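Survey of secondary and tertiary structure
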Amino acid sequence: MALANEEGFPVVPRGAGTATTGAPLAAKGGLVLSLLRLNRILEINTEDLVAVVEPGVFNGIFKSEVEKRGLFYPPDPASYEFSTLGGNVATCAGGPKGLKYGVTKDYVLGLEVVLAGGEVIFCGRRTMKGVVGYDLVHLFCGSEGTLGIITKIILKLLPKPKASATLAAYFQSVEKAAQGFLELIKEGLLPATAELLDEVTLEAIKGFLNSALPSSTGALVLFEFDGGLKQVEEDLWAGREVLKDFALKIEAAQEATLREKLWKARRQVSPALKKLYPAKVADDVVLPRRLVPRFLKETKKLAQSYKITVACFGHLGDGNIHVNILFDPQITPYDKVENLRAEILGKVLNFAGTISGEHGIGLTKKGYLPQELSPALLSLQKSLKKVFDPKGILNPGKVFP
Ligand SMILES: Cc1cc2nc3c(=O)[nH]c(=O)nc-3n(C[C@H](O)[C@H](O)[C@H](O)COP(=O)(O)OP(=O)(O)OC[C@H]3O[C@@H](n4cnc5c(N)ncnc54)[C@H](O)[C@@H]3O)c2cc1C
């Protein structure tokens, strides 16, 4: 970094390259710095409930090492088997368990970071609490490699829940599914996950499911309950009671292989959708929970008016809906797709939502940034970038339009 700073060439940090926004691409040339070989788990402390890792460790490998010691690292992007912890921190990755457990930033206690000029800093701490100085840890979380290079991460861990079970609930429509979930919350139940798959998504992954879909199924939601054994059984029963007024069919999966089969199907969604159409534009918008049913209904209607297929799936639990516009560029011109996208993102902002809940901005969403951030906030954020990276050498061309 000292050399890059002296010579003024761009440096693009890269984990596993799974970002969906073009964030780890060398858009302005320069050097792509792979962090994949910084891949040691340096410590897993079962008393402090803290781990120290290098950024190139894959989330899935870390999870299983932690679980061997009776502990739990909740952040679970669908890419967890093939994305790195460094990439997860730099994008603040989320996942199904965000509903109950939060996202990556909620588990990052401290970071070692190489700054644009080559200086190495440590920010944060390895204690559970601490308010000394500004909170730079959370500024680096989600900064997409534009502020510094993360070389060490201190993570918070939890005790592993004793039991988990999945409820697969089939609904006639996405709105019905979203209404069922809201009722569950009103009844005081907090599942670890509420993952939504709409009719387009189900068509793409139906071969991976445990059983045939009931006729007229328009949506499936995977609810996972975890905790003590007795608690999980009570929650399963209570969940069924609430959902039966909304669902066509409800199946419980308590046995590990059955549950894993359902979750594997969920993780197949992105690759399976890619097989349906030659191209897709993927957004990961977030809505206030109460507005999710209305958003889903209006988005489907909008897609119909454009005669374009839109798949909606993802983290219903925290309102983070993945809206995928599927198309064949030979038939549907890209301008038309971008117009539909602009209307959907406009709707999200009108509903007091946000245009990205976990994938970040990268290259593909930077044009929309000024619609969400006020001019004063945008200018403050650009000034921060200048403080950290005065020559603009860290991942240039990303985030800001
Ligand atoms: C099939 C599939 C499913 C996905 N599901 C989810 C999901 O459920 N939730 C979710 O949040 N995301 C999801 N993603 C997106 C992606 O996997 C995540 O954003 C992930 O966190 C990226 O990790 P990575 O190691 O691949 O990082 P990369 O893609 O290599 O990099 C991502 C960004 O982080 C920066 N970066 C990487 N390492 C460092 C470092 N050490 N220091 C500083 N900056 C760094 C890069 O410059 C880039 O800006 C999915 C992607 C795919 C392909």
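For the structure itself, consult the block above.
Basis of the calculations
- Residues numbered from 1 in each chain as written.
- Predicted model: local features only at pLDDT ≥ 70, side-chain atom pairs only at ≥ 80, totals over all residues.
- Pairing = 2+ DSSP bridges.
- Helix = DSSP H or I, 4+ residues; strand = E, 2+ residues; numbered from the N terminus.
- Axes fitted to C-alpha atoms, helices over the stretch in contact; angles between N-to-C directions.
- Contact = placed C-beta atoms within 7 Å.
- Buried ≥ 20, exposed ≤ 12 C-beta atoms within 10 Å, placed from the backbone.
- Near = placed C-beta within 6 Å.
- Nonpolar A, V, L, I, M, F, W, Y, C, P; charged D, E, K, R; others polar.

Reading across the sheet, the five strands line up as β3-β4-β8-β6-β7 and stay open at both edges, with antiparallel pairing between neighbours. Strands with a single pairing partner mark the edges of an open sheet, and in this sheet they are β3 (41-45) and β7 (120-124). Neighbour-to-neighbour, the strand axes of the sheet open up by a mean angle of 10 degrees, direction not taken into account. Pairing of β3 with strand β4 (residues 50-53), which is carried by four bridges, proceeds in the antiparallel orientation. Paired with E43 across the two strands is V52, which belongs to β4. Docked against the sheet, helix α2 (residues 59-68) engages β3 and β4, running at close to 35 degrees with respect to β3.

Let us now look at the environment of P278. Looking at the secondary structure, you find P278 in the loop between α10 (269-276) and β14 (279-286). With 12 C-beta atoms packed within 10 Å, P278 lands in the exposed category. Each C-alpha atom of the pair P278 and K297 lies 25 Å from the other, and the pair is 19 residues apart in sequence. Residues within four places of P278 in sequence aside, it is in contact with D328 and P329.

So, about the pairing of strand β1 (residues 11-14). Residues V11 and P13 line one face of β1 and the alternating positions V12 and R14 line the opposite face, and both faces are buried. Taken together, the four bridges between β1 and strand β2 (residues 31-34) define a ladder with parallel strand orientation. Looking at the pairing, V12 lines up with V32 of β2.

So, on to the site of the ligand. Residues in close proximity to the ligand total 34 residues, the closest being G15, A23, G86, G87 and G145. Listing elements by their share of the shell around the ligand, those giving two or more residues are β1, α3 (85-91) and β8 (149-156). Looking at the shell around the ligand element by element, the count peaks at five residues for α3. Of the residues belonging to the shell around the ligand, the class tally is 14 nonpolar, 17 polar and three charged.

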